[in-house]
Amino acid sequence: ETIVDRSADILEKVAAEIDGISREVFELKASGNTRNRTLNAIMSHIGRKGDLTSRARESLLTLTRLLAFAYQQFEGSRKHKDLRLRIRPLMQDVQALADHATFLGGKINFLLDATLGLISIQQNNIIKIFSVAAVVFLPPTLVASIFGMNCNHMPELDWHFGYPLALALMVLAAILPYLYFKRRGWL
């Protein structure tokens with residue numbers, strides 16, 4: 001009975017801590033490196049709670065087997081009827097606690113998936129910024145490389161406004177993709 005009570009206390013404490021972690025994951029308002037450190041700490045915390053829950057569940061399964069064996073040993077005996085009457089509710093309590101531990105394990109997996117999803121979203125936003133930067137700077141680079149060629153027959157090189165035109169074309173080539181992405185809501 002003491003072991004069952006202790007297991008119930010452990011699972012109750014884990015449930016309360018998982019609820020706290022859940023609030024922390026879904027109400028996280030940090031940004032940048034603080035968010036990264038917080039998400040890493042949350043992942044560690046979730047892992048520790050998952051380990052504790054799985055150990056508690058393993059203990060409860062062992063207790064289930066032990067109580068079932070003890071119940072069978074005293075089944076035909078009138079002498080140990082009071083033990084059987086004490087074992088039966090313990091078996092029910094252990095089964096309920098094992099079910100609760102399974103529920104907590106599912107909740108821990110959900111929190112782990114949610115945290116990994118948040119990390120993935122954050123990484124996708126970083127990659128999106130790099131992609132937009134590449135697309136914004138690619139057209140001006142193309143214009144600069146064309147005007148930077150050392151060819152003999154480039155009439156633009158002799159123009160009086162060739163250099164300002166090339167600069168204007170580079171700026172325009174950078175601004176147009178940016179405005180397009182902004183208008184589409186991709187930024």
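The preceding data block contains the structure.
Residues numbered from 1 in each chain as written. Predicted model: local features only at pLDDT ≥ 70, side-chain atom pairs only at ≥ 80, totals over all residues. Heavy atoms only, no water.

Enquirer: I'd like to hear about the overall build of the chain, residue by residue, with values.
Expert: Helix and strand counts for the chain come out as 4 helices and 0 strands. Ordered by position from the N terminus, the helices and strands of the chain form the series α-α-α-α. Taking 16 Å as the expected radius of gyration for a compact globule of 187 residues, we find that the chain reaches 33 Å, considerably beyond that expectation. In terms of overall dimensions, the chain has a C-alpha envelope of 115 × 30 × 25 Å along the principal axes. In the chain, which comprises 187 residues, the proportion classed as buried is 26%. A separation threshold of at least 6 residues defines the contact pool for the chain, and within that pool the share at least 24 residues apart is 73%. In the form shown here, the chain has an accessible surface area of approximately 13200 Å², with 61% of it arising from carbon and sulfur atoms. Where the 22 positive side-chain charges of the chain centre and where its 17 negative ones centre are 2 Å apart. (Helix = DSSP H or I, 4+ residues; strand = E, 2+ residues; numbered from the N terminus. Rg over C-alpha atoms; globule rule 2.2 N^0.38 Å. Buried < 20%, exposed > 50% of the residue type's maximum accessible area, 1.4 Å probe, protein only. Contact = heavy atoms within 4.5 Å. Areas by Shrake-Rupley, 256 points an atom, 1.4 Å probe, with all protein chains shown as cover. Lys, Arg positive; Asp, Glu negative; His and termini not counted. Charge placed at Lys NZ, Arg CZ, Asp CG, Glu CD.)

Enquirer: Go over helix 1 (residues 2–26) with me, naming the residues and quoting the values.
Expert: The end-to-end C-alpha distance of helix 1 is 36 Å, a good match for the 36 Å that 25 residues give at a rise of 1.5 Å each. Of all the residues in helix 1, the buried ones are Val4, Ser7, Leu11, Val14, Ala15, Ile18, Ile21, Ser22 and Val25. (Expected span 1.5 Å × (residues − 1).)

Enquirer: I'd like a rundown of a nonpolar patch on the surface, residues and numbers included.
Expert: Where nonpolar side chains cluster on the molecular surface, the patch consists of Val171, Ile175, Tyr178, Leu179 and Leu187 and spans about 430 Å² of accessible area. Along the chain, Ile175 turns up in helix 4 (residues 162–184). A relative accessible area of 39% places Ile175 in the partly exposed class. (Patch = residues over 30% accessible without salt bridge, like charges linked within 9 Å, V, L, I, M, F, W, Y side chains within 5 Å. Salt bridge = Lys/Arg side-chain N within 4 Å of Asp/Glu carboxyl O.)

Enquirer: Residue-level account of the nonpolar core, with values.
Expert: Counting residues in hydrophobic clusters, the biggest one holds 25 residues, and the most contacted among them are Leu11 and Leu60. A per-element tally of this core places helix 3 (residues 81–147) first, with 10 residues. If we ignore the near neighbours within four places in the chain, the residues touching Leu60 are Ser7, Leu11, Val94, Leu97 and Ala98. (Core = buried A, V, L, I, M, F, W, Y, C linked by side-chain atoms within 4.5 Å.)

Enquirer: Before we move on, can you summarise the packing of aromatic side chains with the specific residues and values?
Expert: Tallied over the full model, the rule gives 2 aromatic pairs. Here Tyr180 and Phe181 contribute two aromatic rings whose centre-to-centre distance is 6.0 Å and whose plane-to-plane angle is 55°, an arrangement assigned as tilted. The exposure class of Tyr180 is partly exposed, given its relative accessible area of 40%. Its guanidinium or amino end placed over the ring of Tyr71, Arg84 lies 4.9 Å from that ring's centre, counting from NZ or CZ. (Phe/Tyr/Trp six-rings, centres within 6.5 Å; stacked < 30°, edge-to-face > 60°. Lys NZ or Arg CZ within 6 Å of the ring centre and 35° of its normal.)

Enquirer: Account for the side chain of Arg84, naming residues and giving values.
Expert: Residue position: Arg84 is located in helix 3. Setting aside residues up to four positions removed in sequence, Arg84 forms contacts with Tyr71, Phe74 and Glu75.

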